[in-house]
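Chain and residue survey
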Amino acid sequence: AFESPYSLVKSIEITGKRNSRAELTVEMFGQKMDDSTFTSLSDPTEHEQAAANLFSLYIDETGAGIGGTQVTGTLMDFGWKLATGLGPDQRIDGNLYPAKHVEDKPALVIDVTFEHNASAVTERTAFKNKTRRFVRLKWVGTSVDGVAGKTIQLDACGTWENFTKI
């Protein structure tokens, strides 16, 4: 196990393809890496793979309604990537690691492949009209200690930037 002081996330990405598990990629930066050990609190007791097929897609016209309209039989694969805008700010100061960071504007990109059906036609019309869409990707896993389920919920608001036929 390792630990690194002053660590920040540059980007986080979740991708999903049919009939496989969703994948999480995190790009981080920080100072030097030091050997460490896990504490008993950081040892997960249970883990579960998030099957991409078990994600649900919701597309709504208002923020108040986000998560209200499930779109079924349409999503074939997805990518959700947030670039945080954070980056290392290295100086010539006798260290091989940054002591500061820079902040730029964050950016979110959602890349989806739709089956050509009535829902896809609706989204293509929204693309042509530059209509703002409120999108939610959601996965709910098994319950933890009989209480709430493990959940991945990714929300976004924006317009489709391109929409091509496959």
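Bear in mind the structure is a predicted one, so any value in this text is a computation, not a measurement.

1. Some words on the overall build of the protein chain
- Looking only at helices and strands, the protein chain has one helix and 12 strands in total.
- The helix and strand sequence of the protein chain, counted from the amino end, reads β-β-β-β-β-β-β-β-β-β-α-β-β.
- Computed over its C-alpha atoms, the radius of gyration of the protein chain comes to 20 Å, more than 25% above the 15 Å expected for a compact globule of 166 residues.
- Counting only C-alpha atoms and orienting by the principal axes, one finds that the protein chain spans roughly 60 × 45 × 30 Å.
- Looking at the protein chain residue by residue over its 166 residues, the buried ones come to 24%.
- Long-range pairs, those at least 24 residues apart, make up 66% of the contacts in the protein chain between residues at least 6 apart in sequence.
- On the protein chain, roughly 11400 Å² of surface is accessible, and the fraction owed to carbon and sulfur atoms is 51%.
- If the 18 positive side-chain charges of the protein chain are averaged to one point and the 22 negative ones to another, these points end up 9 Å apart.

2. Considerations on the nonpolar core
- Membership of the largest hydrophobic core comes to 19 residues, with the highest contact counts inside it found for Phe-55, Leu-57, Ile-59, Phe-78, Phe-114, Leu-137 and Trp-160.
- Looking at this core, the elements with two or more residues in it are strand 5 (56-60), strand 7 (75-83), strand 10 (107-114), helix 1 (118-128) and strand 11 (133-143).
- Beyond its immediate sequence surroundings of up to four residues, Trp-160 is in contact with Ile-59, Val-112, Phe-114, Glu-123, Ala-126, Phe-127, Arg-133 and Val-135.

3. Considerations on the pairing of strand 5
- Most of strand 5 sits inside the fold, with five of its five residues counted as buried.
- Burial along strand 5 is two-sided: the face carrying Ser-56, Tyr-58 and Asp-60 and the face carrying Leu-57 and Ile-59 are both buried.

4. Let's talk about the packing of aromatic side chains
- Inspection of every chain in the model, using the stated rule, returns four aromatic pairs.
- Ring centres of Phe-114 and Trp-160 lie 6.0 Å apart, and the angle between their planes is 90°; on these two criteria the pair is classed as edge-to-face. Taken together, the positions of Phe-114 in strand 10 and Trp-160 in the segment after strand 12 (149-158) put the pair 46 residues apart, joining distant regions of the chain.
- A ring pair is formed by Phe-114 and Phe-163, whose centres lie 6.1 Å apart and whose planes are at 50°; its orientation type is tilted. Residue Phe-114 is found in strand 10, and its partner Phe-163 is found in the segment after strand 12; the two are separated by 49 residues along the sequence.
- Judged by relative accessible area, which is 10%, Phe-114 ranks as buried.
- Phe-163 sits in the buried class, given a relative accessible area of 17%.
- What links up through ring pairs into an aromatic cluster is the set Phe-114, Phe-127, Trp-160 and Phe-163.

5. Details of the pairing of strand 3 (residues 23-29)
- The sheet contact formed by strand 2 (residues 8-17) and strand 3 spans seven bridges and is antiparallel. Counterpart to Leu-8 in the pairing with strand 3 is Phe-29.
- Linking strand 2 back to strand 3 in an antiparallel pair, the connection comprises five residues, with Asn-19 at a positive phi of about 60°.

6. Side note on a nonpolar patch on the surface
- On the surface, Leu-24, Val-26 and Met-28 cluster together to form a nonpolar patch covering roughly 290 Å² of accessible area.
- By the secondary structure assignment, Leu-24 is in strand 3.
- Since its relative accessible area comes to 55%, Leu-24 is described here as exposed.

Calculation notes
- Here the residue numbering is sequential within each chain, running from 1 through the sequence in written order.
- At least 70 in pLDDT is required for a residue's local features to be given in this predicted model, at least 80 for side-chain atom pairs to be given and counted, and no such filter applies to totals for whole chains, interfaces and linings, which use all residues.
- The basis for every side-chain value is the complete set of heavy atoms in the structure, and neither hydrogens nor water enter the calculation.
- Under the DSSP-based scheme used, a helix requires at least four consecutive residues in state H or I and a strand at least two consecutive residues in state E, with every element numbered from the N terminus.
- Only C-alpha atoms enter the radius of gyration; for comparison, a globular chain is expected to reach 2.2 Å times N to the power 0.38, where N is the number of residues.
- When a residue's accessible area, from a 1.4 Å probe over protein chains only, is under 20% of the maximum for its type it is buried; when over 50% it is exposed; and in between it is partly exposed.
- Contacts between residues were defined by any pair of non-hydrogen atoms, one from each residue, lying within 4.5 Å.
- Here the Shrake-Rupley method, with its probe set to 1.4 Å, supplies the accessible areas, and only the displayed protein chains count as covering residues.
- Neither His nor the chain ends contribute to the count of charged residues, in which Lys and Arg are positive and Asp and Glu negative.
- Taken as the charge centre is NZ of Lys, CZ of Arg, CG of Asp or CD of Glu, depending on the residue.
- Buried Ala, Val, Leu, Ile, Met, Phe, Trp, Tyr and Cys residues form a nonpolar core when they are joined through side-chain atoms within 4.5 Å.
- Ring pairs are drawn from Phe, Tyr and Trp, using the six-membered ring of Trp, whenever the two centres fall within 6.5 Å, and their geometry is named by plane angle: stacked under 30 degrees, edge-to-face over 60, tilted for the rest.
- For two strands to be treated as a pair, DSSP must find no fewer than two bridges joining them.
- The patches described consist of residues with a relative accessible area above 30% and no salt bridge, like charges being joined within 9 Å and nonpolar side chains (Val, Leu, Ile, Met, Phe, Trp, Tyr) within 5 Å.
- What counts as a salt bridge is simple: a side-chain nitrogen of Lys or Arg found within 4 Å of a carboxyl oxygen of Asp or Glu.

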